[in-house]
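A closer look at the structure
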Amino acid sequence: MSEVFDLIFNLGINLFQGVTFVLFCNMFLTPKFKKTTNTIICSAIITVLFLTITLINHFFKAADIIELIAFLLIMLPFSITCHKSKLYLRILMPVLTFAIFICVAMVYTTIISVIFNKNIQQVVDDSAVYRYLYVVIANLTYGFILYYIFRIYRNRINLRNSTDIIICFVIPFLTLLIAVLTTSVIADVDTSDDNKICLSII
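Overview of the structure.

Procedures and definitions
Residues numbered from 1 in each chain as written. Predicted model: local features only at pLDDT ≥ 70, side-chain atom pairs only at ≥ 80, totals over all residues. Heavy atoms only, no water. Helix = DSSP H or I, 4+ residues; strand = E, 2+ residues; numbered from the N terminus. Buried < 20%, exposed > 50% of the residue type's maximum accessible area, 1.4 Å probe, protein only. Contact = heavy atoms within 4.5 Å. Core = buried A, V, L, I, M, F, W, Y, C linked by side-chain atoms within 4.5 Å. Axes fitted to C-alpha atoms, helices over the stretch in contact; angles between N-to-C directions. Left-handed = near helix turned anticlockwise from the far one by under 90°. Nonpolar A, V, L, I, M, F, W, Y, C, P; charged D, E, K, R; others polar. Salt bridge = Lys/Arg side-chain N within 4 Å of Asp/Glu carboxyl O. Patch = residues over 30% accessible without salt bridge, like charges linked within 9 Å, V, L, I, M, F, W, Y side chains within 5 Å. Areas by Shrake-Rupley, 256 points an atom, 1.4 Å probe, with all protein chains shown as cover. Phe/Tyr/Trp six-rings, centres within 6.5 Å; stacked < 30°, edge-to-face > 60°. Disulfide = S-S within 2.5 Å.

**Some words on the overall build of the protein chain**
For the protein chain, the helix and strand inventory stands at eight helices and zero strands. For the protein chain, the α and β elements follow one another from N to C terminus as α-α-α-α-α-α-α-α. The burial tally for the protein chain puts 38% of its 202 residues in the buried class. Within the protein chain, residue pairs in contact and separated by at least 24 positions form 69% of the contacts whose partners lie at least 6 positions apart.

Structure (C-alpha coordinates):
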(Lines give C-alpha, C1' and ligand atoms only; values in the text may rest on other atoms or scores of the structure.)
Protein backbone atom coordinates (compact mmCIF):
# COMPACT_ATOMS: atom_id res chain seq x y z
CA MET A 1 0.00 0.00 0.00
CA SER A 2 2.84 2.40 0.93
CA GLU A 3 4.57 1.66 -2.38
CA VAL A 4 1.39 2.50 -4.31
CA PHE A 5 0.95 5.73 -2.34
CA ASP A 6 4.60 6.64 -2.89
CA LEU A 7 4.23 6.06 -6.64
CA ILE A 8 1.04 8.16 -6.88
CA PHE A 9 2.59 10.88 -4.71
CA ASN A 10 5.75 11.07 -6.84
CA LEU A 11 3.80 11.13 -10.10
CA GLY A 12 1.57 13.89 -8.75
CA ILE A 13 4.57 16.00 -7.70
CA ASN A 14 6.30 15.42 -11.05
CA LEU A 15 3.17 16.58 -12.87
CA PHE A 16 2.82 19.61 -10.59
CA GLN A 17 6.44 20.60 -11.28
CA GLY A 18 6.03 20.24 -15.03
CA VAL A 19 2.86 22.34 -15.02
CA THR A 20 4.45 24.98 -12.79
CA PHE A 21 7.60 25.30 -14.91
CA VAL A 22 5.72 25.62 -18.18
CA LEU A 23 2.86 27.86 -17.02
CA PHE A 24 5.21 30.30 -15.31
CA CYS A 25 7.38 30.76 -18.39
CA ASN A 26 4.35 30.93 -20.67
CA MET A 27 2.53 33.49 -18.49
CA PHE A 28 5.60 35.62 -17.78
CA LEU A 29 6.67 35.74 -21.42
CA THR A 30 4.53 36.70 -24.42
CA PRO A 31 3.36 33.63 -26.43
CA LYS A 32 4.14 33.76 -30.15
CA PHE A 33 1.20 31.64 -31.30
CA LYS A 34 -2.58 31.84 -30.99
CA LYS A 35 -4.35 30.45 -27.95
CA THR A 36 -5.20 26.99 -29.35
CA THR A 37 -1.73 26.37 -30.76
CA ASN A 38 -0.12 27.72 -27.60
CA THR A 39 -2.26 25.40 -25.44
CA ILE A 40 -1.25 22.37 -27.51
CA ILE A 41 2.44 23.29 -27.31
CA CYS A 42 2.29 23.87 -23.55
CA SER A 43 0.49 20.56 -23.02
CA ALA A 44 3.13 18.76 -25.07
CA ILE A 45 6.00 20.39 -23.12
CA ILE A 46 4.32 19.57 -19.79
CA THR A 47 3.97 15.94 -20.88
CA VAL A 48 7.62 15.75 -21.98
CA LEU A 49 8.79 17.34 -18.72
CA PHE A 50 6.60 15.03 -16.64
CA LEU A 51 7.94 11.92 -18.38
CA THR A 52 11.53 13.17 -18.24
CA ILE A 53 11.42 14.01 -14.52
CA THR A 54 9.73 10.67 -13.76
CA LEU A 55 12.30 8.64 -15.70
CA ILE A 56 15.26 10.50 -14.22
CA ASN A 57 13.95 10.04 -10.67
CA HIS A 58 13.35 6.35 -11.37
CA PHE A 59 16.76 5.52 -12.83
CA PHE A 60 19.03 7.92 -10.93
CA LYS A 61 19.43 8.66 -7.22
CA ALA A 62 21.56 11.83 -7.18
CA ALA A 63 20.20 13.41 -10.34
CA ASP A 64 20.43 17.18 -9.82
CA ILE A 65 22.89 17.76 -12.67
CA ILE A 66 21.00 15.40 -15.00
CA GLU A 67 17.71 17.13 -14.17
CA LEU A 68 19.27 20.54 -14.80
CA ILE A 69 20.59 19.50 -18.22
CA ALA A 70 17.31 17.82 -19.21
CA PHE A 71 15.28 20.79 -17.96
CA LEU A 72 17.32 23.32 -19.95
CA LEU A 73 17.30 21.14 -23.06
CA ILE A 74 13.48 21.12 -22.95
CA MET A 75 12.65 24.56 -21.58
CA LEU A 76 15.16 26.77 -23.39
CA PRO A 77 13.98 25.81 -26.91
CA PHE A 78 10.36 26.16 -25.75
CA SER A 79 11.00 29.54 -24.18
CA ILE A 80 13.06 30.92 -27.08
CA THR A 81 11.07 29.62 -30.06
CA CYS A 82 7.51 29.80 -28.75
CA HIS A 83 7.58 33.31 -27.27
CA LYS A 84 8.29 36.79 -28.58
CA SER A 85 9.51 38.64 -25.49
CA LYS A 86 13.01 40.09 -25.42
CA LEU A 87 15.65 37.43 -26.03
CA TYR A 88 17.40 37.88 -22.69
CA LEU A 89 14.08 37.26 -20.90
CA ARG A 90 13.41 34.13 -22.96
CA ILE A 91 16.82 32.79 -21.91
CA LEU A 92 16.64 34.05 -18.34
CA MET A 93 13.24 32.69 -17.32
CA PRO A 94 13.97 28.93 -17.58
CA VAL A 95 17.35 29.39 -15.85
CA LEU A 96 15.86 31.54 -13.09
CA THR A 97 12.95 29.13 -12.67
CA PHE A 98 15.21 26.15 -12.09
CA ALA A 99 17.62 28.11 -9.86
CA ILE A 100 14.73 29.12 -7.58
CA PHE A 101 13.50 25.52 -7.51
CA ILE A 102 16.93 24.21 -6.45
CA CYS A 103 17.31 26.89 -3.77
CA VAL A 104 13.88 26.20 -2.26
CA ALA A 105 14.51 22.44 -2.31
CA MET A 106 17.89 22.85 -0.61
CA VAL A 107 16.50 25.12 2.10
CA TYR A 108 13.64 22.79 3.02
CA THR A 109 15.81 19.67 2.76
CA THR A 110 18.16 21.24 5.29
CA ILE A 111 15.38 22.35 7.63
CA ILE A 112 13.65 18.94 7.62
CA SER A 113 17.04 17.26 8.07
CA VAL A 114 17.65 19.28 11.23
CA ILE A 115 14.13 18.93 12.65
CA PHE A 116 13.91 15.14 12.17
CA ASN A 117 17.62 14.47 12.76
CA LYS A 118 18.04 12.76 9.39
CA ASN A 119 20.80 13.17 6.86
CA ILE A 120 19.96 14.92 3.61
CA GLN A 121 20.03 11.72 1.57
CA GLN A 122 17.38 10.17 3.83
CA VAL A 123 15.16 13.23 3.55
CA VAL A 124 15.32 13.04 -0.24
CA ASP A 125 15.04 9.25 -0.68
CA ASP A 126 13.05 7.74 2.20
CA SER A 127 9.35 6.98 1.79
CA ALA A 128 8.53 8.57 5.14
CA VAL A 129 6.39 11.36 6.58
CA TYR A 130 9.30 13.81 6.72
CA ARG A 131 9.99 13.37 3.00
CA TYR A 132 6.35 13.90 2.05
CA LEU A 133 6.27 16.97 4.29
CA TYR A 134 9.44 18.37 2.73
CA VAL A 135 8.24 17.79 -0.84
CA VAL A 136 4.78 19.32 -0.33
CA ILE A 137 5.98 22.40 1.55
CA ALA A 138 8.89 22.99 -0.86
CA ASN A 139 6.69 22.77 -3.95
CA LEU A 140 3.97 24.99 -2.49
CA THR A 141 6.60 27.56 -1.48
CA TYR A 142 8.11 27.36 -4.96
CA GLY A 143 4.72 27.92 -6.58
CA PHE A 144 4.08 30.93 -4.32
CA ILE A 145 7.47 32.48 -5.16
CA LEU A 146 6.83 32.14 -8.89
CA TYR A 147 3.35 33.63 -8.49
CA TYR A 148 4.86 36.56 -6.56
CA ILE A 149 7.51 37.13 -9.26
CA PHE A 150 4.84 37.01 -11.96
CA ARG A 151 2.59 39.51 -10.20
CA ILE A 152 5.37 41.96 -9.36
CA TYR A 153 7.81 41.80 -12.26
CA ARG A 154 5.94 40.80 -15.41
CA ASN A 155 6.59 43.39 -18.14
CA ARG A 156 8.71 45.42 -15.71
CA ILE A 157 12.18 43.88 -16.01
CA ASN A 158 14.64 46.09 -17.84
CA LEU A 159 18.30 45.08 -17.84
CA ARG A 160 19.28 48.70 -18.38
CA ASN A 161 18.23 49.19 -14.78
CA SER A 162 20.94 48.17 -12.28
CA THR A 163 18.31 47.08 -9.75
CA ASP A 164 16.80 44.62 -12.24
CA ILE A 165 20.25 43.25 -13.06
CA ILE A 166 20.82 42.55 -9.38
CA ILE A 167 17.39 40.93 -9.02
CA CYS A 168 17.73 38.79 -12.15
CA PHE A 169 21.34 37.66 -11.90
CA VAL A 170 23.23 38.59 -8.75
CA ILE A 171 20.67 37.59 -6.13
CA PRO A 172 19.78 34.19 -7.72
CA PHE A 173 23.48 33.39 -8.16
CA LEU A 174 24.41 34.32 -4.58
CA THR A 175 21.35 32.51 -3.20
CA LEU A 176 22.25 29.35 -5.10
CA LEU A 177 25.88 29.59 -3.99
CA ILE A 178 24.93 30.07 -0.33
CA ALA A 179 22.43 27.21 -0.52
CA VAL A 180 25.03 24.84 -2.01
CA LEU A 181 27.71 25.78 0.54
CA THR A 182 25.29 25.62 3.46
CA THR A 183 23.98 22.21 2.41
CA SER A 184 27.54 20.90 2.04
CA VAL A 185 28.43 22.03 5.55
CA ILE A 186 25.26 20.64 7.09
CA ALA A 187 25.80 17.32 5.34
CA ASP A 188 29.04 16.99 7.30
CA VAL A 189 28.38 14.63 10.21
CA ASP A 190 30.79 16.63 12.41
CA THR A 191 28.67 19.77 12.20
CA SER A 192 26.87 20.35 15.51
CA ASP A 193 23.06 20.57 15.68
CA ASP A 194 23.22 24.21 16.83
CA ASN A 195 25.35 25.14 13.85
CA LYS A 196 23.00 23.27 11.52
CA ILE A 197 20.05 25.29 12.85
CA CYS A 198 21.94 28.56 12.39
CA LEU A 199 22.93 27.62 8.85
CA SER A 200 19.34 26.67 8.04
CA ILE A 201 18.18 30.13 9.12
CA ILE A 202 20.88 31.73 6.92
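**Regarding the nonpolar core**
Counting 41 residues, the largest nonpolar core has Val22, Phe28, Leu49, Met75, Phe78 and Met93 as the members making the most contacts within it. Put simply, the parts of the chain that give this core at least two residues each are α1 (2-28), α2 (35-59), α3 (64-81), α4 (87-116) and α6 (129-153). A total of 12 residues in this core trace back to one element, the largest contributor, which is α4. Discounting residues that sit within four places of it in the chain, valine 22 has contacts with Cys42, Ile45, Ile46, Leu49, Met75 and Phe78.

**Section: the packing of α1 against α4**
It is at 10 Å that the axes of α1 and α4 come closest, and there the two elements cross at 145°. With respect to the hand of their crossing, α1 and α4 are arranged in right-handed fashion. Facing Gln17, Phe21, Phe24, Cys25 and Phe28 of α1, the residues of α4 in contact are Leu89, Met93, Pro94, Thr97 and Phe101. Across the contact of α1 with α4, the residue classes break down as eight nonpolar, two polar and no charged.

**Digging into the pattern of salt bridges**
Applying the stated rule across the entire model yields one salt bridge. The partner of aspartate 6 in a salt bridge is arginine 131, with the nearest N and O atoms 3.5 Å apart. Here aspartate 6 is found in helix α1, whereas its partner arginine 131 is found in helix α6, with 125 residues between them in sequence.

**Here we look at a nonpolar patch on the surface**
On the surface, Leu55, Phe59, Phe60 and Ile66 cluster together to form a nonpolar patch covering roughly 400 Å² of accessible area. Inspection of the secondary structure assignment puts phenylalanine 60 in the loop between α2 and α3. Owing to a relative accessible area of 41%, phenylalanine 60 belongs among the partly exposed residues under this scheme.

**Side note on the packing of aromatic side chains**
Under the defined criterion, the tally for this structure stands at 10 aromatic pairs. Each ring, one from phenylalanine 98 and one from phenylalanine 101, has its centre 6.1 Å from the other, and the planes form 50°; the classification is tilted. Of this pair, phenylalanine 98 and phenylalanine 101 are both found in helix α4, three residues apart, which corresponds to roughly one turn of the helix. Note on accessibility: phenylalanine 98 and phenylalanine 101 belong to one class, buried. Relative to tyrosine 142, the ring of phenylalanine 101 lies with its centre 5.3 Å away and its plane at 75°, an arrangement referred to as edge-to-face. Linking phenylalanine 101 in helix α4 with tyrosine 142 in helix α6, this pair joins segments that are 41 residues apart in sequence. Under the relative-accessibility criterion, phenylalanine 101 is labelled buried at 13%. In this structure tyrosine 142 comes out as buried when scored by relative accessible area, which is 1%. In textbook terms, an aromatic cluster arises when at least three aromatic residues are bridged by ring pairs, as seen for Phe21, Phe71, Phe98, Phe101 and Tyr142.

**Side note on the environment of leucine 68**
Secondary-structure assignment places leucine 68 in helix α3. Assessed through its relative accessible area of 31%, leucine 68 is described here as partly exposed. Taking the C-alpha atoms as reference, leucine 68 lies 9.1 Å from valine 95; in sequence the two are 27 residues apart.

**Observations regarding the state of the cysteines**
Inspection of the entire model under this criterion finds zero disulfides. Its sulfur unpaired, cysteine 25 is 9.6 Å from the next cysteine sulfur, which belongs to cysteine 42.

**Considering the side chain of threonine 97**
Tracing the sequence through the fold places threonine 97 in helix α4. Residue class for threonine 97 comes out buried when judged on its relative accessible area of 1%. Look past the residues within four positions of threonine 97 in its chain and what remains in contact with it is Phe21, Phe24, Cys25, Phe71, Tyr142 and Leu146.

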